[in-house]
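So you can see what is in the structure, the chains are spelled out below.
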Amino acid sequence: MTPLANPGDYEIVGEVSAVFDDGVAHIEVEGFSFVLGSNDAAGAALRTGQCVGFKLHQLSLWDENI
């Protein structure tokens, strides 16, 4: 995860850890798990073990225990 110029924006490079029949893929990077739907992958056929990169805009984190 590399921060970009705008606060909350990141360049993400990670590994596809799982791909499901509906095209949803889980991407693992630095202890985080991101979920990409088939629309998010711009038509790419993602497969387990593949290295992928994408830009994430306006990431915000919250604590679910508050």
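The rules behind the values
- Residues numbered from 1 in each chain as written.
- Predicted model: local features only at pLDDT ≥ 70, side-chain atom pairs only at ≥ 80, totals over all residues.
- Heavy atoms only, no water.
- Phe/Tyr/Trp six-rings, centres within 6.5 Å; stacked < 30°, edge-to-face > 60°.
- Helix = DSSP H or I, 4+ residues; strand = E, 2+ residues; numbered from the N terminus.
- Buried < 20%, exposed > 50% of the residue type's maximum accessible area, 1.4 Å probe, protein only.
- Core = buried A, V, L, I, M, F, W, Y, C linked by side-chain atoms within 4.5 Å.
- Contact = heavy atoms within 4.5 Å.
- Pairing = 2+ DSSP bridges.

(A) Structural view of the packing of aromatic side chains. Scanning the model with the defined rule gives 2 aromatic pairs in all. Ring plane angle 80° and centroid distance 6.0 Å describe the contact between Phe-34 and Phe-54, whose orientation is recorded as edge-to-face. Here Phe-54 lies in strand E5 (residues 51-56) and Phe-34 lies in strand E4 (residues 32-36), a separation of 20 residues in the sequence. For the pair Phe-34 and Phe-54, one class covers both residues: buried. Pairwise contacts between aromatic rings join Phe-32, Phe-34 and Phe-54 into one cluster.

(B) Seen up close, the nonpolar core. Membership of the largest hydrophobic core is limited to 11 residues, which are Ile-12, Val-16, Ala-25, Ile-27, Val-29, Phe-34, Leu-36, Leu-46, Val-52, Phe-54 and Leu-56. Counting only elements with at least two residues in this core, the list comes to strand E2 (10-19), strand E3 (25-29), E4 and E5. Contact partners of Val-29, with chain neighbours within four places excluded, come to Met-1, Ile-12, Val-13, Gly-14 and Phe-34.

(C) Summary view of the pairing of E5. Only one face of E5 is buried, namely the one carrying Val-52, Phe-54 and Leu-56, since none of Cys-51, Gly-53 and Lys-55 on the opposite face is buried. Sheet topology places E2 next to E5; 6 bridges connect them, and they run antiparallel. Of the residues in E5, the one forming a bridge with Glu-15 is Cys-51.

(D) Region of interest: the environment of Ser-60. Inspection of the secondary structure assignment puts Ser-60 in the segment after E5. For the pair Ser-60 and Gly-8, spaced 52 residues apart in sequence, the C-alpha to C-alpha distance is 6.6 Å.

(E) The arrangement of the environment of Asp-40 in detail. Along the chain, the position of Asp-40 falls in the loop between E4 and E5. Owing to a relative accessible area of 54%, Asp-40 belongs among the exposed residues under this scheme. Counting along the chain gives 17 residues from Asp-40 to Gly-23, while the straight-line C-alpha distance between them is 9.9 Å.

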